[in-house]
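Remarks on the overall topology
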Amino acid sequence: MMAKQLIGALLLICVWFVVTVGGRIEGYFFPVSAIGQIEAHEPVGETWTRVWGEAIRFRQCSFDHLSWYLVRVGEDARADLIFEEGTKMDGGGHFDFGPWLVQLPASQLFERSYAIAYHRCHPFWLTATRFYG
């Protein structure tokens, strides 16, 4: 009886692990897109930067959301992001993005930030792909 409980607990831990980190692992080995390049930017006030850029999409998955982060000692901070124009990731291959407003001054955006794009490629988890930085 004890062996069945142990096997059940190990199976539950394995399923939890795969669901929890599966999206990051999949995005690392099978990214949805290449890391994007910011082609143009302009400051908006003291704490925002408007960006335009381009990237390449490898896989056909539904876009869910994009999170932008400022690298800090300890825990990275999430920066606000406003899509002034919708994403253009409908088809495969090359696509342009922007204008997007990122709540970071340009110096922090270029030197200390990164973005993660989340896509629904299947029903198990969101695939997390490094999009910038």
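Here, the structure is the one placed above.
Quick summary incoming for the structure in this document. (Residues numbered from 1 in each chain as written. Predicted model: local features only at pLDDT ≥ 70, side-chain atom pairs only at ≥ 80, totals over all residues. Heavy atoms only, no water.)

Concerning the sheet that holds strand β1 (residues 37-44)
Heads up, the rule is: Two strands pair under a simple rule: DSSP has to find at least two bridges between them. Only DSSP runs of H or I reaching four residues or more are called helices, and only runs of E reaching two or more are called strands; each is numbered from the N terminus. Each axis is a line fitted through C-alpha atoms, and for a helix only the stretch in contact is used; angles between axes span 0 to 180 degrees, taken between their N-to-C directions.
Read across the sheet, four strands follow the order β1-β2-β6-β5 without closing on themselves; strand pairing throughout is antiparallel. The open sheet terminates on both sides in strands that have one partner only, identified here as β1 and β5 (81-83). Going from strand to strand, the sheet's axes swing by 30 degrees on average, the running direction of each strand aside. Across seven bridges, β1 lies against strand β2 (residues 48-57) in antiparallel orientation. Paired with His 41 across the strands is Val 51, a residue of β2.

Here's the deal with the pairing of strand β6 (residues 93-102)
Our working definition: Classification of residues uses two cut-offs on accessible area relative to the type maximum, computed with a 1.4 Å probe and protein chains only: under 20% is buried, over 50% is exposed, and between them is partly exposed.
Along β6, seven of the 10 residues are buried, which leaves the element largely enclosed by surrounding structure. Examined bridge by bridge, β2 and β6 share eight bridges and lie antiparallel to one another. Bridge assignment links Ala 55 to a residue of β6, and that residue is Phe 95. As paired strands, β5 and β6 are joined by three bridges and run antiparallel to one another. Pairing of Leu 81 across the sheet is with Val 102, part of β6.

Some thoughts on the side chain of Glu 26
Threshold: The definition of a polar contact used here is a pair of N or O atoms within 3.5 Å, where within protein one atom must be able to donate a hydrogen and the other to accept one, and adjacent residues in sequence count solely through side-chain atom pairs. Any two residues having at least one pair of non-hydrogen atoms within 4.5 Å are treated as being in contact.
One can find Glu 26 in helix α1 (residues 2-29). With a relative accessible area of 12%, Glu 26 lands in the buried category. Within the local environment of Glu 26, its side chain forms a polar contact with the side chain of Trp 125, the two groups lying 2.7 Å apart. Setting aside its immediate chain neighbours within four residues, Glu 26 contacts Pro 31, Arg 59, Cys 121, His 122, Trp 125 and Thr 127.

Quick look at the packing of aromatic side chains
We apply this condition: Here the aromatic set is Phe, Tyr and Trp, taking the six-membered ring for Trp, and pairing holds for ring centres within 6.5 Å; pairs whose planes are under 30 degrees apart are stacked, those over 60 apart are edge-to-face, and all others are tilted.
Under the defined criterion, the tally for this structure stands at 10 aromatic pairs. Here the aromatic rings of Phe 124 and Trp 125 are separated by 6.2 Å at their centres, their planes lie at 50 degrees, and the arrangement is tilted. Among the aromatic side chains, those forming a connected cluster through ring pairs are Phe 63, Phe 83, Phe 95, Phe 97, Trp 100 and Phe 131.

Notes on the state of the cysteines
What counts is decided by this rule: Here, two cysteine sulfur atoms that lie within 2.5 Å of each other are counted as a disulfide.
Under the definition given, this model contains one disulfide. Each sulfur of the disulfide joining Cys 61 and Cys 121 lies 2.1 Å from the other. The disulfide joining Cys 61 to Cys 121 has a torsion of about 110 degrees about its S-S bond and is therefore right-handed. Residue Cys 61 is found in the loop between β2 and β3 (62-70), and its partner Cys 121 is found in the loop between β7 (113-120) and β8 (126-132); the two are separated by 60 residues along the sequence. Judged by its relative accessible area of 10%, Cys 61 falls in the buried class.

A word on the pairing of β3
The pairing of β3 with β7 spans eight bridges and is antiparallel. Of the residues in β7, the one forming a bridge with His 65 is Tyr 118. Alignment of β3 against strand β4 (residues 77-79), held across three bridges, turns out to be antiparallel. Within β4, the residue paired with Trp 68 across the bridge is Ala 79.

Regarding the nonpolar core
To keep things clear, this is the line we draw: Here, nonpolar core means buried Ala, Val, Leu, Ile, Met, Phe, Trp, Tyr and Cys residues that are tied together by side-chain atoms lying within 4.5 Å of each other.
Within the largest apolar cluster, 18 residues are counted, with the highest numbers of intra-cluster contacts made by Leu 66, Trp 68, Trp 100, Val 102, Leu 109 and Phe 131. Core analysis: the next-biggest nonpolar cluster, separate from the first, contains five residues, Tyr 69, Ile 116, Tyr 118 and Ala 128 among them.

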